[in-house]
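Residue-level structural notes
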Amino acid sequence: MDAHALRRQGWTISAIARHLGRDRKTIRAYLNGDQVPGQRRQSPDAFVPFLQYCRQRLDDDPHLWASTQFDEVRDLG
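**What about the nonpolar core?**
- Formed by Ala 3, Leu 6, Ile 13, Ile 16, Ala 17, Ile 27 and Tyr 30, the largest nonpolar core amounts to seven residues.
- Among the secondary structure elements, those contributing two or more residues to this core are α1 (3-8), α2 (13-20) and α3 (24-32).
- Take this core: its biggest share by element is three residues, from α2.

Below is the structure:
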């Protein structure tokens, strides 16, 4: 059964969490609309800031070793 339906029936968040086998904070996030059941949060990709740099380096030197580029990106942050 859906957490929203149980809440409409007057169930407490703790009771819904026990019934569905989820944490109370998760149920509260579902009910507040902060999370959607079945979808994980997307963490920001740490590589995106370096994408343009890596593309330019590979355009400049197509034979660049991956380990060299990794070292350069790591040194950049």
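**Remarks on the side chain of Gln 69**
- Along the chain, Gln 69 falls in helix α5 (residues 66-76).
- On the basis of relative accessible area, Gln 69 is assigned to the buried category, the value being 9%.
- One polar contact links the side chain of Gln 69 to the main-chain carbonyl oxygen of Cys 54, over a distance of 3.1 Å.
- In this structure Gln 69 touches Cys 54, Arg 57, Leu 58 and Leu 64, once residues within four positions along its chain are discounted.

**Details of the packing of helix α4 (residues 51-60) against α5**
- Taken N-terminus to C-terminus, the directions of α4 and α5 make an angle of 145°; their axes are 11 Å apart at the nearest point. The two elements α4 and α5 cross, and the hand of that crossing is right-handed. From α4, Tyr 53, Cys 54, Arg 57 and Leu 58 reach across to α5, where they touch Gln 69, Glu 72, Val 73 and Leu 76.
- Of the residues belonging to the contact of α4 with α5, the class tally is five nonpolar, one polar and two charged.

The rules behind these values
Residues numbered from 1 in each chain as written. Predicted model: local features only at pLDDT ≥ 70, side-chain atom pairs only at ≥ 80, totals over all residues. Heavy atoms only, no water. Core = buried A, V, L, I, M, F, W, Y, C linked by side-chain atoms within 4.5 Å. Buried < 20%, exposed > 50% of the residue type's maximum accessible area, 1.4 Å probe, protein only. Helix = DSSP H or I, 4+ residues; strand = E, 2+ residues; numbered from the N terminus. Polar contact = N/O pair within 3.5 Å; in protein donor to acceptor, adjacent residues only side chain to side chain. Contact = heavy atoms within 4.5 Å. Axes fitted to C-alpha atoms, helices over the stretch in contact; angles between N-to-C directions. Left-handed = near helix turned anticlockwise from the far one by under 90°. Nonpolar A, V, L, I, M, F, W, Y, C, P; charged D, E, K, R; others polar.

No statement about biological role is implied by the geometric values presented.
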